[in-house]
Amino acid sequence: MALGQFAYASNTNRFLAASPLADQPFAVAGIPFDGVVTNRPGARFGPQAIRSASLMLCDGIHPVFDVSPLDHVGDALDMRLPNASPLPEVRRHIEAQAAALMARHHCVFLGGDHSVTLSLLRAARAQYGQGEPLACVHFDAHCDTWTDHFGEPSGHGTWTYEALQEGLIRPEQTVQIGIRSSGERAAREYVADQGGQIFTARSLRGLDGAGLNSAIEAIRTRIGQRPCYLTLDIDVLDPAFAPGTGTPEPGGLTSSQVLTFLESLADLNWVGMDCVEVAPAYDHAELTSNAAASFVWTYLSGQVAKRTGLLPSRGA
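Residues numbered from 1 in each chain as written. Predicted model: local features only at pLDDT ≥ 70, side-chain atom pairs only at ≥ 80, totals over all residues. Heavy atoms only, no water.

A look at the overall build of the protein chain
Phase 1 of the analysis: Within the protein chain one finds 9 helices and 9 strands.
Phase 2 of the analysis: Since a compact globule built from 316 residues should have a radius of gyration of about 20 Å, the 18 Å found for the protein chain is in line with a globular shape.
Phase 3 of the analysis: Expressed along its principal axes, the backbone C-alpha trace of the protein chain runs to roughly 55 × 50 × 40 Å.
Phase 4 of the analysis: The buried share of the protein chain, taken over its 316 residues, is 54%.
Phase 5 of the analysis: Taking all contacts inside the protein chain whose residues are at least 6 apart in sequence as the whole, residues at least 24 apart take part in 78%.
Phase 6 of the analysis: About 12,500 Å² of surface is accessible on the protein chain, with carbon and sulfur atoms providing 52% of the total.
Phase 7 of the analysis: Between the centroid of the 22 positive side chains of the protein chain and the centroid of its 33 negative side chains there is a distance of 4 Å. (Helix = DSSP H or I, 4+ residues; strand = E, 2+ residues; numbered from the N terminus. Rg over C-alpha atoms; globule rule 2.2 N^0.38 Å. Buried < 20%, exposed > 50% of the residue type's maximum accessible area, 1.4 Å probe, protein only. Contact = heavy atoms within 4.5 Å. Areas by Shrake-Rupley, 256 points an atom, 1.4 Å probe, with all protein chains shown as cover. Lys, Arg positive; Asp, Glu negative; His and termini not counted. Charge placed at Lys NZ, Arg CZ, Asp CG, Glu CD.)

Overview of the environment of Ala18
Phase 1 of the analysis: Summarising the element assignment, Ala18 is placed in the segment before β1 (19-20).
Phase 2 of the analysis: Assessed through its relative accessible area of 2%, Ala18 is described here as buried.
Phase 3 of the analysis: For Ala18 and Val73, which are 55 residues apart along the polypeptide, the C-alpha to C-alpha distance reads 6.6 Å.
Phase 4 of the analysis: For Ala18, the contacting residues outside a window of four places in its chain are Leu70 and Val73.

As for helix α4 (residues 159-166)
Phase 1 of the analysis: Three or more residues of α4 are buried, namely Trp159, Thr160, Glu162, Ala163 and Leu164.
Phase 2 of the analysis: Where α4 is buried, its residues meet α2 (87-102), α3 (116-128), β5 (134-139), β6 (169-179), α6 (190-193) and β8 (228-233).
Phase 3 of the analysis: With its phi angle positive at about 75 degrees, Gly167 sits one or two positions after the end of α4.

With respect to the sheet that holds β5
Phase 1 of the analysis: Spatially, the 9 strands line up as an open sheet ordered β1-β3-β2-β4-β9-β8-β5-β6-β7, and their pairing is parallel. Where the open sheet ends on each side, the last strands, each with one partner, are β1 and β7 (197-200).
Phase 2 of the analysis: As paired elements, strand β4 (residues 106-111) and strand β9 (residues 270-276) share 4 bridges and run parallel to each other. Within the sheet, the bridge partner assigned to Val108 lies in β9 and is Met273. (Pairing = 2+ DSSP bridges.)

Considering the packing of aromatic side chains
Phase 1 of the analysis: Applying the stated criterion across every chain, the model contains 3 aromatic pairs.
Phase 2 of the analysis: The lysine or arginine in question, Arg40, covers the ring of Tyr282, its NZ or CZ lying 4.2 Å from the ring centre. (Phe/Tyr/Trp six-rings, centres within 6.5 Å; stacked < 30°, edge-to-face > 60°. Lys NZ or Arg CZ within 6 Å of the ring centre and 35° of its normal.)

A few points about α3
Phase 1 of the analysis: The first and last C-alpha atoms of α3 sit 18 Å apart over 13 residues, in line with the 18 Å expected at 1.5 Å per residue.
Phase 2 of the analysis: Residues Val116, Thr117, Leu118, Ser119, Leu120, Leu121, Ala123 and Ala124 constitute the buried set of α3.
Phase 3 of the analysis: Where α3 ends, the next residue or the one after it, Gln130, has phi of about 50 degrees, a positive value. (Expected span 1.5 Å × (residues − 1).)

Topic: the pattern of salt bridges
Phase 1 of the analysis: Taken as a whole, this structure holds 12 salt bridges when the rule is applied.
Phase 2 of the analysis: With its nearest N and O atoms 3.6 Å apart, the salt bridge here joins Glu162 to Arg91. Residue Glu162 is found in helix α4, and its partner Arg91 is found in helix α2; the two are separated by 71 residues along the sequence. The burial state of Glu162 is the same as that of Arg91; both residues are buried.
Phase 3 of the analysis: Here Glu189 makes a salt bridge to Arg188, at a shortest N to O gap of 4.0 Å.
Phase 4 of the analysis: Assessed through its relative accessible area of 26%, Glu189 is described here as partly exposed. (Salt bridge = Lys/Arg side-chain N within 4 Å of Asp/Glu carboxyl O.)

With respect to the environment of Ala279
Phase 1 of the analysis: Assignment of secondary structure puts Ala279 in the loop between β9 and α9 (287-307).
Phase 2 of the analysis: Counting along the chain gives 235 residues from Ala279 to Arg44, while the straight-line C-alpha distance between them is 7.4 Å.
Phase 3 of the analysis: Non-local contacts of Ala279, meaning those with residues more than four positions away in its chain, are made with Gly42, Ala43, Gly244, Thr245 and Gly246.

Points about the nonpolar core
Phase 1 of the analysis: Core analysis: the biggest nonpolar cluster contains 53 residues, and Phe139, Ile177, Ile219, Leu232, Ile234 and Phe261 have the highest contact counts within it.
Phase 2 of the analysis: At 10 residues, the largest contribution of residues to this core is made by α9.
Phase 3 of the analysis: Ile177 has contacts with Val137, His138, Phe139, Asp140, Phe199, Leu204, Ile219, Val236, Leu253 and Phe261, leaving out every residue within four places of it along the chain.
Phase 4 of the analysis: Core analysis: the second largest hydrophobic core is formed by 37 residues, Ala98, Cys107, Trp159 and Val271 among them. (Core = buried A, V, L, I, M, F, W, Y, C linked by side-chain atoms within 4.5 Å.)

Describing the packing of helix α1 (residues 46-54) against α9
Phase 1 of the analysis: Relative to each other, α1 and α9 sit at 75 degrees, their axes nearing to 8 Å. With respect to each other, α1 and α9 are oriented roughly perpendicular. Where α1 approaches α9, its residues Ala49, Ile50, Ala53 and Ser54 are matched on the opposing element by Ser289, Asn290, Ala292 and Ala293.
Phase 2 of the analysis: The residue makeup of the contact of α1 with α9, split by class, is 5 nonpolar, 3 polar and no charged. (Axes fitted to C-alpha atoms, helices over the stretch in contact; angles between N-to-C directions. Parallel < 35°, antiparallel > 145°, perpendicular 65-115°, else oblique. Nonpolar A, V, L, I, M, F, W, Y, C, P; charged D, E, K, R; others polar.)

Next comes the structure, spelled out in structure tokens:
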């Protein structure tokens, strides 16, 4: 670690204090939009909070993958968006900017509310789908399969339904993890009814480490090597671990459980990731932004290890 690189001596707020994006294989970009939240606003400030928290990771060497993504990732800063425009217009801007980034880089996006994921999936399917829908792993407290958004046609609680309806993701290779919020059965079980799989937070209670192996192997078997997109709503965590989010739901996953999933599934054919719904105004002691930064760092470390041939063999 060079002189002056300690987290709070940093003069940058790029993720991991990485260089500006140029020709690095991996890109981090922020999406500062929270125009369709249903409860507490503020996720537009999530990208900068996650970046700030990431600075404490210092040299960034991951203890499982034994690599640092620092030399492989560039920060594209935040998308420029028409925040006061109708959602379809905002989504068009997000999709266009995401497509330009995906054409040259493996991307991680920092949200923003969860409505941004529909645009990212549109761009990802066009870039990686080869004419076929993607697989999708979706961490969340909420199913996001409502057919409307409190009378409005679209929002941060409808994107999964819309993605399935548009054929962006394959139903039987869509997996939801951590679902637990209130909701009518038609929405709550929609993914399972379409042939996908749901691991509710209730079904994962008391399981961690080796206790999650059966769920991990079921996901790996279901998805195989189909190009797969990862979307992680920070409210998948119990509010004890992530109070800084717009729609907290008690009874959620622990940070340890989520890290076990991310570390164990690093060998899937991931094509991109987003981490959304971090709302720092409601955070305490940076718990939420630290968790989000750690999840993004873990994902990037796993992908760098895979790209460089250093991914540990399963069971190692």
